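Given next are the chains, with one letter for each unit.
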Amino acid sequence: MSSYAEAFRQSVEDPETFWLDAARGVDWVNAPTRALDGSEAPSFRWFPDGTLNTSVNALDRHVQAGHGDRTALIWDSAMVPAKRTYTYSELLDEVAVFAGVLRDQGIVAGDRVIVYMPMIPEAAIAMLACARIGAVHSVVFGGFAAKELATRIDDAQPALLVTASGGLEPGRTVEYLPMVEQAIGLSQTPPHTVIVKDRESIPGSAADYKTSSAAWFDWDELVADAGPADPVPVAATDPLYILYTSGTTGKPKGVVRDNGGHAVALTWSMRNIYDISPGDVWWTASDVGWVVGHSYIVYGPLLVGATTVMYEGKPVGTPDAGAFWRIISEYGVRALFTAPTAIRAVRKADPNAEELKKYDISSLQTLFAAGERLDPDTYEWATAVLDRPVVDHWWQTETGWAIAANLRGLEPMPLKAGSPTVPVPGYRVEIVDGEGKRVEAGTEGNIVIALPLPPGTLTGLWRDEDRYRRSYLDTFPGYYLTGDSGYIDEDGYVFVLGRSDDVINVAGHRLSTGSMEAVVASHPAVAECAVIGIRDELKGQRPSGYVVLKAGVDIDPEKLRQELVTMVREQIGAVATFRDVTVVQALPKTRSGKILRKTMRQIADHEQYTVPSTIEDPAVLEALERQLGG
Ligand code: COA
Ligand code: AMP
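This structure is a prediction, so every number in the text was calculated from the model and none was measured.

(A) Summary view of the site of ligand 1. Neighbouring residues of ligand 1: 25 residues in total, closest Glu169, Arg172, Lys539, Arg569 and Arg579. Within the backbone of Gly142, an N or O atom sits 3.5 Å from a nitrogen atom of ligand 1. In the model, an oxygen atom of ligand 1 is placed 2.7 Å from a nitrogen or oxygen of the Arg569 side chain. Burial of ligand 1 by the protein chains amounts to 83% of its free accessible area of 940 Å². Only β10 (172–175) and α12 (340–349) provide two or more residues apiece to the shell around ligand 1. Tallied by class, the residues present in the shell around ligand 1 amount to 12 nonpolar, seven polar and six charged. Residues lining the shell around ligand 1 come from more than one domain, with at least three contributed by each of domain 1 (3–313 + 393–485) and domain 2 (520–627).

Written out as structure tokens, the structure is:
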């Protein structure tokens, strides 16, 4: 039996042995004697009697093993521009002292801390400092505006918020502090304390917010006065973080990750999926605000004692399409993990990969892609120009690590364009039809995973067990619903075709059309609206709004478009990339009043579609076809 087949078999037939074995890759305060606790099925907990500290696993233990001088983190900002390197000893010192700052501010195990930061080392330091004292971090992506931040504050109810004066985007500075203050004003349960890392180049500092309802402090001043905090052991099942992600409604879902399962799964994944060992240089070009950044900029590489690169910049334009190749050659990167959109952006700017010729990228073994489907065209291009394996893998915020992958460390398999290869050990992936019946190989359906999910996956939604069960567990009892549709071929390869709900994926960023609809609908001229994700050559998808005006309203469509774009930008954030607005006479609906979003998307994408039998008025669809189908 192949290594993969054997590992997969054991992971599902004897998960106790498989995962207790994997748990040996982690340093425990009390090593677990059991892997799985199924006493509250369909909710499961991993390593119920284990205790540990995640930050100790990411830092202290490497220093204690004599690797304090090894590089832990390389920060490279193409935006400032600036570079900075931290050894494991240095990073540990900074984390321990910032943990001391949090402790001095009264933060104890279980308290929530929001981290609203750009891509600077202090973001990782704040996360690891929370983990050190058992506080639960919730990182909010810097591209979200005040209202989205306020929604997350109200759900997580943090005691403290850590931020920076701002972030740097090409051609503009994003000032965070006015947004933080606005979010605090909007929030019902604001944090009592705000800590600000002052970035020289960006205006605003804690001192400017003396009159705010929260107490604002300067990061550097607090650090200068603090002593290091000792790590606090926590139960493996205690939460490490909450990460909000888009669901189908405007209210984001607070995905909860535990400490023990997370440390075990990520450690296992670094070796078996990514083939990364201690001392290897690993680079994930994403953002700490997304799950990919949590797992593979911060925790995964540090848990195994590798060097992680943290990059503030874009794949193109900062300054050119050679940015990725520069970083690989400068730091000897062994593997790069990025989103297909980034590869498409590089290809668009430099179709013949001329920039690549300027750099020695011989250290690079593999390019990993995730966050959205790696389309075959982009896969072929990247494979040809890099002459190395380009490996798609599929996962979600909820799972925290790959569901399907080509396991480069365990057993590399032939790559198939359009497929993230096979289910990762621990994930029993199946395809079911609308009634929950398994379908034959090659038939498209709902992608589900038989319970229990492996360690490292979500333990629930923050203080919303009901929504957790409704969203993921109730549709097909015994299975976790991924929300993606696809098929498995005769060789067992998984093909993920897209979401089967109203979640869209723009430039590898997961967004909810529901939250955009709520903003658009609040415009005084709009009677009703639909926002759908349509195909976009560069970003995979982009949101597109269709609005019906209130009777008697006469507004210039371009003026309306500009107003709606500004509203979405201000209320959700620039990252929503909301730019298209079409005024239509009516929206196609079923007789029960449900908007036919899928059919609208098919028309906009010029795809074949069948008129649903439940349609209320076929003439609406015909009018739309004339207007959009063109
Ligand atoms: N803070 C504030 N604003 C942000 C932001 C952040 N952290 N990240 C993005 N934005 C803004 C951008 O500045 C842009 O604003 P604009 O409308 O004023 O131009 C807007 O949000 C849309 O951003 P994006 O979709 O990223 O487009 P872009 O044109 O700036 O860049 C790419 C295009 C392809 C270079 C970029 O999307 C990219 O690198 N994608 C890879 C995505 C990725 O790593 N995803 C993580 C999942 S693995
Ligand atoms: P997120 O939670 O932001 O990581 O987004 C998860 C969603 O992105 C999944 O449910 C998929 O729809 C999509 N996705 C992520 N990776 C892939 C991939 N490799 N192939 C296809 N879709 C993907």
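On we go from here.
(B) Seen up close, the sheet that holds strand β23 (residues 428–432). Across the sheet, which stays open at both edges, the four strands sit in the order β23-β24-β26-β27 with antiparallel pairing between neighbours. On the outer flanks of this sheet lie β23 and β27 (494–499), each paired with one strand and no other. The mean angle between the axes of side-by-side strands here comes to 50°, regardless of whether they run parallel or antiparallel. As paired elements, strand β24 (residues 445–450) and strand β26 (residues 479–488) share five bridges and run antiparallel to each other. Residue Ala450 lies in a different strand from β26, and its bridge partner there is Tyr479.

(C) Main features of the environment of Ala417. Here Ala417 shows up in the loop between β21 (404–405) and β22 (422–423). Note on Ala417: relative accessible area 30%, which makes it partly exposed. The residues contacting Ala417, other than those within four sequence positions of it, are Pro376, Tyr379, Glu380 and Phe495.

(D) Broad picture of helix α6 (residues 146–156). When α6 is considered as a whole, its buried residues turn out to be Ala146, Glu148, Leu149, Ala150, Arg152, Ile153 and Ala156. Those residues of α6 hidden inside the fold are in contact with β6 (112–116), β8 (160–164), α7 (177–186), β14 (239–245), α15 (513–521) and α16 (557–571). Positive backbone phi, at 50°, marks Gln157, one or two positions downstream of α6.

(E) Representation of the pairing of strand β11 (residues 193–197). Most of β11 is tucked away: five of the five residues are buried. Neither face of β11 is exposed, since Thr193, Ile195 and Lys197 on one face and Val194 and Val196 on the opposite face are all buried. With five bridges joining them, β8 and β11 adopt parallel strand pairing. Note on β11: the bridge partner recorded for Val162 is Ile195. Pairing geometry for β11 and strand β12 (residues 215–218), over four bridges, is parallel. Across the sheet, residue Val194 finds its bridge partner in β12, namely Trp216.

(F) Structural view of the pattern of salt bridges. Per the counting criterion, the structure on display carries 40 salt bridges. Note that Glu94 and Arg84 form a salt bridge whose closest N and O atoms lie 3.3 Å from each other. A residue pair is termed long-range when its members are at least 10 positions apart, and Glu94 in helix α4 (residues 88–104) and Arg84 in strand β5 (residues 82–87) qualify at 10 residues. According to the relative accessible area criterion, Glu94 is partly exposed, its value standing at 29%. The partner of Asp466 in a salt bridge is Arg470, with the nearest N and O atoms 3.5 Å apart. In this pair, Asp466 and Arg470 both sit in helix α14 (residues 465–473), four residues apart, roughly one turn of the helix. On the accessibility criterion, Asp466 (52% relative accessible area) is exposed.

(G) Looking closely at the environment of Pro351. By the element assignment, Pro351 lies in the loop between α12 and β19 (366–369). Residue classification places Pro351 among the partly exposed positions, given a relative accessible area of 48%. The spacing of Pro351 and Asp111 is 240 residues in sequence and 49 Å in space, taken between C-alpha atoms.

(H) The arrangement of the sheet that holds strand β20 (residues 390–392) in detail. As summarised here, the arrangement of the seven strands in space is β5-β4-β17-β16-β18-β19-β20, forming an open sheet in which the pairing is mixed. A single partner strand is all that each edge strand has here, and the edge strands are β5 and β20. Taken over all neighbouring pairs, the strand axes of this sheet differ in orientation by 20° on average, direction set aside. Taken together, the four bridges between strand β18 (residues 335–338) and β19 define a ladder with parallel strand orientation. Bridge pairing in β19 links Thr338 to Ala369. Lying on the sheet, α4 is in contact with β4 (71–77) and β5; it crosses β5 at an angle near 90°.

(I) Local environment of the packing of aromatic side chains. Within the structure shown, the criterion is met by 32 aromatic pairs. Geometrically, the ring pair formed by Trp19 and Trp401 is edge-to-face, given 6.2 Å between the ring centres and 90° between the ring planes. With Trp19 in helix α2 (residues 15–22) and Trp401 in the loop between β20 and β21, this pair connects stretches of sequence that are 382 residues apart. Taken as a pair, Trp19 and Trp401 share a single burial class, namely buried. The interplanar angle of 45° and the centroid separation of 6.1 Å between the aromatic rings of Tyr296 and Phe337 together place this pair among those described as tilted.

(J) Region of the structure containing empty space enclosed by the protein. Throughout the structure, instances matching the rule amount to six cavities of 30 Å³ or more. As a volume, the largest cavity reaches approximately 110 Å³. Together, Pro42, Ser43, Phe44, Trp46, Asp258, Leu451, Leu453, Pro454, Thr457, Leu458, Thr459 and Tyr468 line the largest cavity. Contributing elements (two or more residues each) for the lining of the second largest cavity: α6 and β29 (509–512).

(K) The nonpolar core, seen in detail. If you look at the biggest cluster of nonpolar residues, it comprises 119 residues, and the most contacted ones within it are Trp19, Leu91, Phe98, Trp268, Tyr299 and Trp401. For Trp19, the contacting residues outside a window of four places in its chain are Ala35, Trp46, Phe47, Val264, Trp268, Trp401, Pro425, Gly426, Pro454 and Pro455. Counting residues in each nonpolar core, the second largest holds 47 residues, with Phe144, Cys529, Leu560 and Ala576 among its members.

Rules and cut-offs
- Residues numbered from 1 in each chain as written.
- Chains lettered and ligands numbered in written order.
- Predicted model: local features only at pLDDT ≥ 70, side-chain atom pairs only at ≥ 80, totals over all residues.
- Heavy atoms only, no water.
- Near = heavy atom within 4 Å.
- Polar contact = N/O pair within 3.5 Å; in protein donor to acceptor, adjacent residues only side chain to side chain.
- Areas by Shrake-Rupley, 256 points an atom, 1.4 Å probe, with all protein chains shown as cover.
- Helix = DSSP H or I, 4+ residues; strand = E, 2+ residues; numbered from the N terminus.
- Nonpolar A, V, L, I, M, F, W, Y, C, P; charged D, E, K, R; others polar.
- Domains from an automatic or database assignment.
- Pairing = 2+ DSSP bridges.
- Axes fitted to C-alpha atoms, helices over the stretch in contact; angles between N-to-C directions.
- Buried < 20%, exposed > 50% of the residue type's maximum accessible area, 1.4 Å probe, protein only.
- Contact = heavy atoms within 4.5 Å.
- Salt bridge = Lys/Arg side-chain N within 4 Å of Asp/Glu carboxyl O.
- Phe/Tyr/Trp six-rings, centres within 6.5 Å; stacked < 30°, edge-to-face > 60°.
- 1 Å grid on protein atoms, 1.4 Å probe; cavity = no way out; pocket = protein on both sides within 12 Å on 5 of 7 lines; lining within 4 Å.
- Points joined across faces, edges and corners; volume = space filled by probe spheres on them.
- Core = buried A, V, L, I, M, F, W, Y, C linked by side-chain atoms within 4.5 Å.

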